[in-house]
Amino acid sequence: YHAIANANLGFDLSYNFDRRYYAQFSAAEPYSANLAEGHRAAFSPTGTIGWRISNESFMENVSFIDNLLISASAGILNEDADIDNYYMYNGSWDNTNGWSFTWNDGSHAKSLIPNRGENEKLEMIKRKELAATIKASMFDKLVNLEFTYFTNKMSGYIIDDKSDWPKHMGGFLPYLNNNEIKRTGFDFAVNLNKKINDFDVTFGVVGTYYNTERTVYEETQTEDYQRREGRPVDAVWGLECLGMFQSQEEIDNSPRQTFDQVVRPGDLKYKDQNGDGKITDLDNVYLGKWGEFGSPLTLGLNLVVKYKNFTLHALGSARSGSYGAKNSSYYWINKDSKYSIVARDTWTPENPNAKYPALTTTAGSNNYRISDFWLYKNNSFTFDKIQISYEVPSEVFGDLFIKGLTAYVSGSDLLTIAKERKHMEMSVGSAPQSRFFNIGVKANF
């Protein structure tokens, strides 16, 4: 039994001098029962400084700038959310669930085997972060800008290190703080506000671009080009496809493909990356990013147009820089599964330029594996929502019990613009995607 305990102390100090100079210091002292006694508390300081340049005397004659502020922040945060279990700092043993022979005496005896060694110096995972921001408002609030550059490192991820020790030491190795992930990128926001006669228009664009990198990683790969260190966290690893085999002669003169016992014309052909004369998992290479935490570039757009009592509100979003894979049963057809329409454009001797590899009655282990043949770019733009509303003038109600009435019509997920739109809007083995339309009335009494 282990008592669940999580205690935190916090401290905050802020200073503002004449609305020009700003300073803030915050600190926390988190406590985690996931670590050994004596190592359960950690100090987490953060600090920010800011300068409102627009309030300086030398800016008095710069009439087009309404507000200009720059700031910088830095901090070291400790967290235990990425520590999976209690007692990871303790050594652990198991019995063999049976009998074993002792040395040269023929008798049976119980024995123990080690699971891991002890390391009471395990620490929390640290997030070291630095950010710089600029905010500006110009031309009588016509244009509002905000831009932030950020970089952070998550260090000390806990690993069961086996790559740096002899294999016979495996059961005695402790958990260690080791792996490190670096994230860099920027956020931005641009908003335009303008009133033209009876029209009041607001248009905004917000966006994020970021990149991840495993800066420290416990490597288990034997080939240098397969090293995870220096690659993104959500890296796509797979084979480089050279097309489809067109004849048995081409198969015989190519590196041996080891994933299926029999390789036939119409099967996918892969590149031998290490030159050993055969295609195996050692030929997997870096192909791109999955976008597991969102595409590297994500944009959001919003538009609000007001005209008298009418209001138009529209939202859209865009994504770029990541990949998806066509690896569902819709594309990977084999044995007695239901065949989709893609079966009509699979390789046959009469259709050598087919879009998809040949059908097979085997498990398709050669063709149906991650390679750049099945990847597609996730680049897309979607209209997430559009709404039109009308607010009935209050004078219409007079002395009636109704004090206000607004009618509206809206739609969500209305349109996707993408090269792979049909695939992205298709669901296989799950509930279908849908568009949503809504008509409503809002009344005040």
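Now for a description of the structure that goes with this document. Please read all numbers here as calculations on a predicted model, not as lab measurements.

### A look at the overall build of the protein chain
Piece 1. Assigned secondary structure in the protein chain consists of two helices and 25 strands.
Piece 2. Taking 445 residues into account, the globule formula puts the C-alpha radius of gyration at 22 Å, and the protein chain, at 31 Å, lies well above it.
Piece 3. The dimensions of the protein chain, computed from C-alpha atoms along their principal axes, are 100 × 70 × 50 Å.
Piece 4. Here the protein chain, with 445 residues, has 34% of them falling under the buried criterion.

### Considering the pattern of salt bridges
Piece 1. Following the criterion strictly, the structure yields 10 salt bridges and no others.
Piece 2. The shortest N-O distance in the salt bridge between lysine 153 and glutamate 180 comes to 3.8 Å. Here glutamate 180 lies in strand 11 (residues 175–196) and lysine 153 lies in strand 10 (residues 143–160), a separation of 27 residues in the sequence.
Piece 3. Judged by relative accessible area, lysine 153 falls into the partly exposed class, the value being 33%.
Piece 4. The class of glutamate 180 is buried, set by a relative accessible area of 16%.
Piece 5. The partner of arginine 421 in a salt bridge is glutamate 425, and the shortest N-O contact between them spans 3.1 Å.
Piece 6. By sharing partners, the salt bridges in this structure join Asp18, Arg20 and Glu56 into a single network.

### A closer look at the environment of phenylalanine 147
Piece 1. As for its position among the elements, phenylalanine 147 is in strand 10.
Piece 2. Look past the residues within four positions of phenylalanine 147 in its chain and what remains in contact with it is Ala132, Thr133, Ile134, Phe186, Asp187 and Phe188.

### Thoughts on the nonpolar core
Piece 1. Ranked by internal contacts, the top residues of the largest apolar core, which has 18 residues, are Leu268, Tyr270, Tyr331 and Trp374.
Piece 2. Only strand 14 (241–244) and strand 16 (268–270) provide two or more residues apiece to this core.
Piece 3. Judged by nonpolar contacts, the second largest core, of 14 residues, contains Leu35, Met124, Met154 and Val233.

### Looking at the packing of aromatic side chains
Piece 1. In this structure the tally under the stated criterion is 19 aromatic pairs.
Piece 2. Ring pairing ties together the aromatic residues Tyr330, Tyr331, Trp332, Tyr356, Tyr368, Phe373 and Trp374, which thus form one cluster.
Piece 3. Looking at arginine 228, its charged tip hangs above the ring of tryptophan 237, at a distance of 4.0 Å from the centre.
Piece 4. One residue, arginine 369, lies across the ring of phenylalanine 259, its end atom 3.6 Å from the ring centre.

### Regarding the pairing of strand 3 (residues 44–52)
Piece 1. Across eight bridges, the pairing between strand 2 (residues 21–32) and strand 3 is antiparallel. What sits directly across from serine 26, in strand 3, is threonine 46.
Piece 2. Note that strand 3 and strand 4 (residues 65–79) share seven bridges and pair antiparallel. The residue of strand 4 that forms the bridge with threonine 48 is serine 73.

### Examining the side chain of serine 295
Piece 1. As for its placement among the helices and strands, serine 295 is situated in the loop between strand 18 (285–289) and strand 19 (297–307).
Piece 2. You can call serine 295 buried: its relative accessible area is 8%.
Piece 3. A distance of 2.9 Å separates the side chain of serine 295 from the side chain of serine 322, its partner in a polar contact.
Piece 4. Not counting residues up to four positions away in its chain, the partners in contact with serine 295 are Tyr210, Arg319, Ser320 and Ser322.

### Brief notes about the environment of glutamate 292
Piece 1. Tracing the chain through its elements places glutamate 292 in the loop between strand 18 and strand 19.
Piece 2. Distance in space between the C-alpha atoms of glutamate 292 and glutamate 223 is 25 Å, their sequence separation being 69 residues.

### Details of the environment of glutamate 123
Piece 1. Within the secondary structure, glutamate 123 sits in the loop between strand 8 (112–116) and strand 9 (125–138).
Piece 2. The exposure class of glutamate 123 is partly exposed, given its relative accessible area of 42%.
Piece 3. Measuring from C-alpha to C-alpha, the distance between glutamate 123 and glycine 156 comes to 7.5 Å, with 33 residues separating the pair along the chain.
Piece 4. Excluding anything up to four places from it in sequence, glutamate 123 contacts Leu35, Ile83 and Asn177.

What counts and what doesn't
- Residues numbered from 1 in each chain as written.
- Predicted model: local features only at pLDDT ≥ 70, side-chain atom pairs only at ≥ 80, totals over all residues.
- Heavy atoms only, no water.
- Helix = DSSP H or I, 4+ residues; strand = E, 2+ residues; numbered from the N terminus.
- Rg over C-alpha atoms; globule rule 2.2 N^0.38 Å.
- Buried < 20%, exposed > 50% of the residue type's maximum accessible area, 1.4 Å probe, protein only.
- Salt bridge = Lys/Arg side-chain N within 4 Å of Asp/Glu carboxyl O.
- Contact = heavy atoms within 4.5 Å.
- Core = buried A, V, L, I, M, F, W, Y, C linked by side-chain atoms within 4.5 Å.
- Phe/Tyr/Trp six-rings, centres within 6.5 Å; stacked < 30°, edge-to-face > 60°.
- Lys NZ or Arg CZ within 6 Å of the ring centre and 35° of its normal.
- Pairing = 2+ DSSP bridges.
- Polar contact = N/O pair within 3.5 Å; in protein donor to acceptor, adjacent residues only side chain to side chain.

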